[in-house]
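Chain by chain, the residues run as shown.
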Amino acid sequence: MSEIIQSLDLLLKWISLRFFDTNTSVLLASLDWLSKCFTGLREQRYTLLDQEANAFMPYLVIKLGDSKEPVRKSVHSLFNELCYIYAGSKTFAHLSEGLKSKNSRQRAGVLEIETKLILENGVEVCHPSPKKAFELVASFIGDKDNSVRTAALNCCVAGWNYIGDGIMKMCGSLNEKDMSMLEERIKRSGKRIDSPPKPKALEPVTGSDDSENMVPELPNKAKECEDEGMVEMDSICVEMPKEPTPPPSPPPVKKRGEFYL
C-alpha cells in the first residue's frame, strides 16, 4: 500500500480517465479498484490531500448522472467510503458544483449524498455555510424532475432535524407552492432525530390484553395472609414473630434503715 500512496495522485488521475471509457466493464472495474484503494487507505488511516481529491472528485460527481444503474450504485458506494479518508465539508463543496449540471440524475444523486452527509455529520458539514448551502438546495424544490424535487425536500428535512424551524429562514425566499411542499414534508417526517429517546413502556404479557398484567400480582393465598397481618409460608398463613418481652427488672435491694411501702 505504501507504493500506491507514493503515486496516489497519478493513479487517481489515470482512474479518472477511465471514467470516460465507453466500455461498461472497464468502467465498473475501475470503480471497483477505486473502492479497494479507499479501503486500503482507510486501514492505513490515510487522509486524502486536496490535490489528490481534485484529481478525480469532479469526474466522480459527473458519474452520479450515468445512465447505467450499476455505475450509479458503485459511485454512491464510493462516496460512502470517502467520508473515512476525506473531510465531509470538502466533499460537500465538490458535490455542490455538481448541482450546476443539466443532468437531472446527477442533480438528484448529488442531493441524496448531501442529505446523507448532513444526517451523519450535522449542518456543520455544509459548505461554504449552512445558509448558502440550503438556499441552493431549496432552489431545486420546484425542479421539473420529480426525483430532484424529492431529493431536495429530503435534504432540507435533514437540516430541519438539527436546526428545527430555522431551516425556513436558511432556505431563503420560496414561493408559496414550494414552501407548502416543504412544510408538508416536514410534518410527514415525524419527530426530529436529535430529540432524546423516550423510555419504552412496559409491554403487557403475551397473549393477554389486561393492562394489569404489566405488573406481577401476588398469589391469592399471599394476599389473604397479608390482609390478616400474617405471612405466607408453603401455602400456610403464619403469624409474624413478635418481639420477645424483656425480663422483669429485679426488685431493689433493701438497705438497713430504709423502708418501702
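Keep in mind the model is a prediction, meaning the values are calculated, not measured.

Trainee: Got a sec to walk through the overall build of the protein? Specific residues and values, please.
Mentor: Assigned secondary structure in the protein consists of 13 helices and 2 strands. When burial is assessed residue by residue, the protein has 34% of its 261 residues classed as buried. Considering only intrachain contacts with a sequence separation of at least 6, the fraction spanning at least 24 residues in the protein is 62%. As displayed, the protein offers around 17300 Å² of accessible surface, 54% of which is attributable to carbon and sulfur atoms.

Trainee: Give me the lowdown on the packing of helix 7 (residues 88-97) against helix 8 (residues 104-121), citing residues and values where you can.
Mentor: Running from N to C, helix 7 and helix 8 point in directions that differ by 160°, and their axes come no closer than 10 Å. Here helix 8 runs roughly antiparallel to helix 7, going by the angle between their axes. Here helix 7 runs over helix 8; the crossing is left-handed. Here Gly88, Thr91, Phe92, Leu95 and Ser96 of helix 7 lie close against helix 8, whose contacting residues are Val110, Ile113, Glu114, Leu117 and Ile118. Looking at the contact of helix 7 with helix 8 residue by residue, the class counts come to 6 nonpolar, 3 polar and 1 charged.

Trainee: Explain the state of the cysteines to me, and be specific about the residues and the numbers.
Mentor: Overall, the coordinates contain 0 disulfides when judged by the stated rule. Cys155 provides the cysteine sulfur closest to Cys126, a residue in no disulfide bond, and the two sulfurs are 6.9 Å apart. Overall, the relative accessible area of 5% leaves Cys126 in the buried class. Considering cysteine sulfurs only, Cys156 is the nearest to Cys155, which forms no disulfide, with 6.1 Å between them. When its relative accessible area of 0% is taken as the criterion, Cys155 is described as buried.

Trainee: Quick rundown of helix 9 (residues 130-138)? Include the residues and the values.
Mentor: If you check which residues of helix 9 are buried, you get Ala133, Phe134, Val137 and Ala138. For helix 9, the buried positions fall inside an angular range of 125° around the axis, keeping them on one side.

Trainee: Describe in detail the environment of Met179, supporting the description with residues and values.
Mentor: Tracing the backbone through its elements, the reader meets Met179 in helix 12 (residues 176-189). As for Met179 and Ile141, which are separated by 38 residues in sequence, their C-alpha atoms are 8.8 Å apart. Beyond its immediate sequence surroundings of up to four residues, Met179 is in contact with Met168 and Leu174.

Trainee: Could you give an account of the pattern of salt bridges, naming the residues involved and the relevant values?
Mentor: Under the defined criterion, the tally for this structure stands at 8 salt bridges. Between Lys36 and Asp32 there is a salt bridge whose closest N-O contact spans 3.5 Å. Pair noted here: Lys36 and Asp32 are both in helix 3 (residues 24-43), with a separation of 4 residues, about one helical turn. For Lys36, a relative accessible area of 56% translates into the label exposed. On the basis of relative accessibility, which here comes to 39%, the residue Asp32 falls in the partly exposed class. Among the salt bridges present, the one from Lys131 reaches Glu135, with a minimum N-O distance of 3.3 Å. One end of the pair is Lys131 and the other is Glu135, both in helix 9 and 4 residues apart, which spans about a single turn. A residue is classified by how much of its surface remains accessible, and Lys131, at 42% relative accessible area, is partly exposed.

Trainee: Outline the nonpolar core, listing residues and values.
Mentor: Core analysis: the biggest nonpolar cluster contains 59 residues, and Leu48, Leu60, Phe79, Leu82, Ile118 and Leu182 have the highest contact counts within it. Among the elements that make up this core, the one with the highest residue count is helix 10 (residues 146-163) (9 residues). Among all residues touching Leu60, those that are not within four sequence positions of it are Phe19, Leu31, Val75, Leu78, Phe79 and Leu82.

Definitions and limits used
- Residue positions within a chain follow its written sequence, with the count starting from 1.
- In keeping with the predicted nature of the model, local features appear solely for residues at pLDDT of at least 70, side-chain atom pairs appear and are counted solely at 80 or more, and the whole-chain, interface and lining totals rest on all residues.
- Only hydrogens and water are removed before side-chain values are computed, so all heavy atoms of the structure are retained for them.
- Under the scheme used here, helices are H or I runs from DSSP no shorter than 4 residues and strands are E runs no shorter than 2 residues, and both carry numbers assigned from the N terminus.
- For every residue, the accessible area (1.4 Å probe, protein chains only) is compared with the maximum for its type, and the residue is labelled buried under 20%, exposed over 50%, or partly exposed between those bounds.
- Residue contacts are defined here by distance: any two heavy atoms, one from each residue, within 4.5 Å place the two residues in contact.
- Here the open area of atoms and residues is found with the Shrake-Rupley method and a 1.4 Å probe, where only the protein chains shown may cover a residue.
- A fitted line through C-alpha atoms serves as each axis, taken over the contacting stretch for helices, and the angle formed by two N-to-C directions is quoted from 0 to 180°.
- Throughout this description, any angle smaller than 35 degrees is read as roughly parallel, any larger than 145 degrees as roughly antiparallel, any in the 65 to 115 degree range as roughly perpendicular, and the remainder as oblique.
- Two helices crossing with the near one rotated counterclockwise from the far one by less than a right angle form a left-handed crossing, whereas a clockwise rotation gives a right-handed crossing.
- Lys, Arg, Asp and Glu make up the charged group, whereas Ala, Val, Leu, Ile, Met, Phe, Trp, Tyr, Cys and Pro make up the nonpolar group; the residues left over, Gly among them, are polar.
- In plain terms, two cysteine sulfur atoms within 2.5 Å form what is called a disulfide here.
- The arc under discussion is defined with respect to the helix axis, by the directions toward the C-beta atoms.
- A carboxyl oxygen of Asp or Glu within 4 Å of a side-chain nitrogen of Lys or Arg is what we treat as a salt bridge.
- In this description, a nonpolar core means a group of buried Ala, Val, Leu, Ile, Met, Phe, Trp, Tyr and Cys residues linked to one another through side-chain atoms lying within 4.5 Å.

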